[in-house]
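Spelled out, the chains give:
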Amino acid sequence: MTAPSPEPDRYYGNYYEDEPPVSALRRAPRQRRRGLGCLIALVILAGLLVGADRVAAAITENQLASKIQTSQKLKTKPSVSIDGFPFLTQVISRHFDHATVDLDNYDSNGFPIQHIHADLRGVHVSSGYNSATVDTLTGTATLSYDQVAAKLSSLVDFGKITLSQGTGDHVKASYSVLGISVSADVAVSLVGGNKLDLKTMGFDTPLSALGLKTGDFDQQIPIGGMPFGMQLKDLQVTATGVDIAATGQNVVLTGNTANSSG
């Protein structure tokens, strides 16, 4: 018996059965191109959404800075930054988890403060964006040595005084008396929550030679009218000046006032 011979390949117009159609060869690359196109479109859309989110953040930060400048009667607009992404969801809810405010050269009732940094957490804005409340506030007021020395020079009859970092919570006050250079060790502290207390601990020049008295250098410099109702708490002497920590709770910001429960 002879073996059956294989059937010949069937011909279907322009291809044989055992060969893939030309259309099948072209379909996979087209599908890949469509998938790549969708991916590119999604990337572009995501970029547009992120861009819109950042634009909204910049606009809101600028508006908040303007309102702070008005409410706190500031000469210059502060720098405001609002954290969180996506930002637009915070705008819709009118609740911002964290915002920072930075202000240079603040006039505290005639006493200049070099820099104020405030962290506002839990910022709740009214529907018209005309007022806001802040759950908690922590901040730092930085007093430069030059600013403190200028104020101190105007209060004591020692001529021009320069200040620099001492040991611990002390600063070194240098000045000239009768042509003789004098340095004093001065303790710095915060009293009453709104006064910078300077107390002379000693001189490195014999007091008998110049007739100096330790108490002659003691001064208290009022620091009041802090923005956002900030309550001054702790003091730290640094290499560049004096940093005073401040806090606030349930801070209320309105069109022209700022209050805090402390």
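Counting of residues starts from 1 at the beginning of each chain's written sequence and follows it residue by residue. Since the coordinates come from a predicted model, pLDDT governs what is reported: local features require at least 70, and pairs of side-chain atoms require 80 or more to be given and counted, while whole-chain, interface and lining totals use all residues. The side-chain quantities take in all heavy atoms of the structure and omit both hydrogens and water.

Draft legend 1. A look at the overall build of the protein. Runs of E in the DSSP output that reach at least two residues are strands. Runs of H or I that reach at least four are helices, and both are numbered from the N terminus. A count of helices and strands for the protein gives four helices and twelve strands. Each residue's exposure class comes from its accessible area (1.4 Å probe, protein chains only) as a fraction of the maximum for that residue type: buried when under 20%, exposed when over 50%, partly exposed otherwise. Relative to its 262 residues, the protein shows a buried fraction of 34%. In what follows, residue pairs with any heavy atoms lying within 4.5 Å of each other are defined as contacts. In the protein, of all internal contacts separated by at least 6 residues, the share reaching a separation of at least 24 is 48%. As displayed, the protein offers around 15,200 Å² of accessible surface, 55% of which is attributable to carbon and sulfur atoms. Accessible areas in this description were obtained via Shrake-Rupley with a 1.4 Å probe; residue shielding takes into account the shown protein chains only.

Draft legend 2. Structural detail: unusual backbone geometry. Phi is positive for N105, which is not a glycine, with a value near 55 degrees. With respect to the helices and strands, the residue N105 is situated in strand β2 (residues 95-108). Positive phi values are uncommon outside glycine, yet N250 reaches one of about 50 degrees. Assignment of secondary structure puts N250 in strand β11 (residues 241-253).

Draft legend 3. Structural detail: the pairing of β2. Relative to β2, strand β1 (residues 79-82) runs antiparallel, the two being bridged by four bridges. Counted as the bridge partner of S81 is T100 from β2. Linking two consecutive strands that pair antiparallel, namely β2 and strand β3 (residues 111-125), is a turn of two residues; a positive phi of about 50 degrees is found at N109 within it. Two strands qualify as a pair provided that DSSP identifies no fewer than 2 bridges between them.

Draft legend 4. How the structure looks around the nonpolar core. In this structure, I113, L143 and I223 are the most contacted members of the largest nonpolar core, which totals 54 residues. Per element, the largest residue contribution to this core is seven residues, and it comes from β3. For I223, the contacting residues outside a window of four places in its chain are S108, F111, I113, L143, N194, K195, L196, L232 and I244. In this description, a nonpolar core means a group of buried Ala, Val, Leu, Ile, Met, Phe, Trp, Tyr and Cys residues linked to one another through side-chain atoms lying within 4.5 Å.

In short, shape yes, function no, at least from these values alone.
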